Amino acid sequence: MGEQRRVYPGRRTYQRLLWLLTQWIFDLVSTILEIFAPSKRPQVKPSECDDWSDDEIIQRFRSMPGLESSLNRAGQYKVRWLCDDTVGKWVDPPEALIMELVRSQTTIPTPHIRRKVPGMWDDELILMEYIEGRQLSECWSSLSFWSRLRIAFTLHQYIRQLRQIRTPYSSVPGPPSETPQDCSGPAYFGMRPIGPFPDCASLSHFFNDLARANPWIREPFDDSRPLVLTHNDLSMRNVIIGLDGKVWIIDWGWAGFYPEWFEYMSTQFAAENDDAPDSWWWLIPLIADPYFAQEAWMHSIGCSVY
């Protein structure tokens, strides 16, 4: 990341109004499409791995090559091939639960979980369908203006659907679970998980405690709306453009229930961390909605990641 925070466009009043107007148009078109042209959930084809035993699956995961796009900075592969149409990944149970929630309660294309193999440390190996396509970060420069706008509009629709998901754990910050879990998100918690927080009030108390160090802060942490399901890492790496042009979202490892403006903050963090092009930055307020006031509040308490 650069040493100085990127000067983000949209601080002037007329620019904010332009974004809000565009957001209103996006929402209107989304509502019309949901009524007259509802999306269909992606269909899943059978795979040869459906009949494998758990032991065979684990052995294959250990011996098969890693997926190149999943190579992290530590030189480790997060995802490995199992067969031509299936990949495997070790995850904590909430990540698998979130993926199943997204598949069952929305039309957002995300990999279907074929199987789950229990691990030894409260984790599980999930077998996911492999999505053939290109990461948005790879193909962005070759896309036309209208193709980029279509993708932004599609992602905006997806986030609208995410925010409508409800579970028995929706009122508890963090990943969904029977007991409160630590919250993750480097844009506001740093590089280590924080918590757990049993309710939204305790999450607000955490941030308001940080705000007390700045005597100029007048407003409290914005918890005016219910928590919503947030992907929390909507980077260009985690958006796949399928061979048919369909827009997929992958990697739900940081997802959980947070204030809806956290999606905006975390998408900006990912863009800064990945040195995303300016054309992507300009679309973030349209994708995740503009939350300039909340962003400024977080920076004023020292939660500046830029």
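To be clear, the structure that these remarks concern was listed above.
Residues numbered from 1 in each chain as written. Predicted model: local features only at pLDDT ≥ 70, side-chain atom pairs only at ≥ 80, totals over all residues. Heavy atoms only, no water.

The antiparallel open sheet is built from four strands, whose spatial order is β1-β2-β4-β3. Looking at the sheet topology across the chains shown, the edges are occupied by β1 (80-83) and β3 (113-118). Taken over all neighbouring pairs, the strand axes of this sheet differ in orientation by 30° on average, direction set aside. Inspection of the sheet shows strand β2 (residues 86-91) paired to strand β4 (residues 124-129) by six bridges, in the antiparallel sense. (Pairing = 2+ DSSP bridges. Helix = DSSP H or I, 4+ residues; strand = E, 2+ residues; numbered from the N terminus. Axes fitted to C-alpha atoms, helices over the stretch in contact; angles between N-to-C directions.)

Turning next to the state of the cysteines. Overall, the coordinates contain zero disulfides when judged by the stated rule. Not engaged in a disulfide, the cysteine C83 finds its nearest cysteine sulfur in C49; these two sulfurs lie 4.6 Å apart. (Disulfide = S-S within 2.5 Å.)

Glancing now at the side chain of S235. Mapped onto the secondary structure, S235 falls in the loop between β8 (228-230) and β9 (239-242). Residues in contact with S235, not counting those within four places in the same chain, are A270 and D274. (Contact = heavy atoms within 4.5 Å.)

In this fold, S70 is placed in the loop between α2 (54-63) and β1. Residue classification places S70 among the buried positions, given a relative accessible area of 10%. Here the side chain of S70 touches V79 through a polar contact of 3.1 Å, landing on its backbone nitrogen. Not counting residues within four places of it along the chain, the set of residues in contact with S70 comprises Q76, Y77, K78 and V79. (Buried < 20%, exposed > 50% of the residue type's maximum accessible area, 1.4 Å probe, protein only. Polar contact = N/O pair within 3.5 Å; in protein donor to acceptor, adjacent residues only side chain to side chain.)

Time to look at the nonpolar core. Core analysis: the largest hydrophobic core is formed by 66 residues, its most contacted members being L136, L155, F189, F207, W280 and M298. At seven residues, helix α5 (residues 145-162) tops the list of elements feeding residues into this core. If sequence neighbours within four positions are ignored, L155 has contacts with V239, V247, I249, W280 and I287. (Core = buried A, V, L, I, M, F, W, Y, C linked by side-chain atoms within 4.5 Å.)

Regular strands place their side chains on alternate faces of the sheet. When β1 meets β2, the two strands line up antiparallel, connected through three bridges. The residue of β2 that forms the bridge with R80 is G88. Counted between consecutive antiparallel strands, the loop separating β1 from β2 contains two residues.

This part is about the packing of helix α7 (residues 262-273) against helix α10 (residues 292-300). The geometry of a pair of packed helices is captured by two quantities: the angle between their axes and the separation between those axes. As a packed pair, α7 and α10 sit with axes 9 Å apart at the nearest point and diverge in direction by 65°. The orientation of α7 with respect to α10, classified from their angle, is roughly perpendicular. In terms of crossing hand, the pair formed by α7 and α10 is right-handed. From α7, Y264, M265 and Q268 reach across to α10, where they touch F292, E295 and M298. Partitioned by chemical class, the residues of the contact of α7 with α10 number four nonpolar, one polar and one charged. (Parallel < 35°, antiparallel > 145°, perpendicular 65-115°, else oblique. Left-handed = near helix turned anticlockwise from the far one by under 90°. Nonpolar A, V, L, I, M, F, W, Y, C, P; charged D, E, K, R; others polar.)

For the structure on display, the rule yields twelve salt bridges. Between E56 and R60 there is a salt bridge, and its shortest N-O distance comes to 3.6 Å. Within this pair, E56 and its partner R60 are both found in helix α2, separated by four residues, close to a single helical turn. Judged by relative accessible area, which is 27%, R60 ranks as partly exposed. The residue E100 makes a salt bridge to K116 at a minimum N-O spacing of 3.2 Å. (Salt bridge = Lys/Arg side-chain N within 4 Å of Asp/Glu carboxyl O.)

Keep in mind that these numbers describe shape and distance, not what the molecule does.
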